Amino acid sequence: MRHLFVLLFLLLAVVLNAQPKRVVIETTTGRGVDESLKDTFMDALNSGLTSSGKYMVIANRRDYANKVQGEIIAQEEGYIDDNEWINIGAAHGAQLVIFSKINKYRDQYFITVNLIELESGVSKKTLKPIRANDDNIMDMALELAEKLSGSDIGDPESNNKSTSKGLLIPSIGCYVDEKDNKQCKFNDAVYSCEEKGEGWRLPTVEELRVIFTSLSLRKNLKATTYWTSEKRNNFSVYCLEYPSMTTTFESTSSSCEYRCVREK
């Protein structure tokens, strides 16, 4: 009888482990990416995850947008806060939230993905960006679904560790990469920060002001203009001059220095 109970327990464990994870997909777009391409990517990712048998997609951004009729547009680029998506996932009984982001850089799309395990609150590692173009965006989404289904990215052991830590500036609660010293166009600066790993971005105007006053960073700063993350319009971005700290703006096609930051 004891052996029978053990056997039943093992069978139950196998069945539970075989159950697909309930997931919510939040797909956002970056510069130069239209809604139709985002939908194509999201549909293909949904299909690939579902067909793997390891995931069951129970909600996505488009489904949610249809329900709230415009409330989803909470930021300039049209996506809601990550914490809100975690709440949405929890409300749907999801175990996992998949954050995917598509950015266009020159003639290529770069797709990055991060996962949040709702039960444990663990932030998983981000996959390296996948390159795609207009013709193979669907194939890349299916390839991404295959990677998610076939790797250990869904396991607790694969906690996210950014590729670079940087220097902590307590007054703004951010790490700063003090080694950045390069002039480039705005989109190139944005992409260079994102390449460092999850959470890296250009600083706001106020964050950059604090960086300029940091004694530990001054030796690596140049007397020139630096990019911020704040856009003036679709064609220009607010910048800050060092050491005068004068706020100005430059065309996105201009070349300026940059510093990348990551929230603590």
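Scroll up a little and you will see the structure.
These numbers come from a predicted model, not from an experiment. (Residues numbered from 1 in each chain as written. Predicted model: local features only at pLDDT ≥ 70, side-chain atom pairs only at ≥ 80, totals over all residues. Heavy atoms only, no water.)

Section: empty space enclosed by the protein
Now for step 1: What the rule picks out here adds up to 1 cavity of 30 Å³ or more.
Now for step 2: Taken as a whole, the largest cavity spans an internal volume of roughly 40 Å³.
Now for step 3: Residue assignment for the lining of the largest cavity shows that the elements contributing at least two residues are β4 (108-117) and α6 (186-195).
Now for step 4: Here the lining of the largest cavity gets 3 residues from one element, more than from any other, and that element is α6. (1 Å grid on protein atoms, 1.4 Å probe; cavity = no way out; pocket = protein on both sides within 12 Å on 5 of 7 lines; lining within 4 Å. Points joined across faces, edges and corners; volume = space filled by probe spheres on them. Helix = DSSP H or I, 4+ residues; strand = E, 2+ residues; numbered from the N terminus.)

Topic: the pattern of salt bridges
Now for step 1: Within the structure shown, the criterion is met by 7 salt bridges.
Now for step 2: With a closest N to O distance of 3.4 Å, arginine 209 and glutamate 206 form a salt bridge. One end of the pair is arginine 209 and the other is glutamate 206, both in helix α7 (residues 205-212) and 3 residues apart, which spans about a single turn.
Now for step 3: When its relative accessible area of 25% is taken as the criterion, arginine 209 is described as partly exposed.
Now for step 4: Beyond isolated ion pairs, a larger network of salt bridges with shared partners links Arg201, Glu207 and Glu263. (Salt bridge = Lys/Arg side-chain N within 4 Å of Asp/Glu carboxyl O. Buried < 20%, exposed > 50% of the residue type's maximum accessible area, 1.4 Å probe, protein only.)

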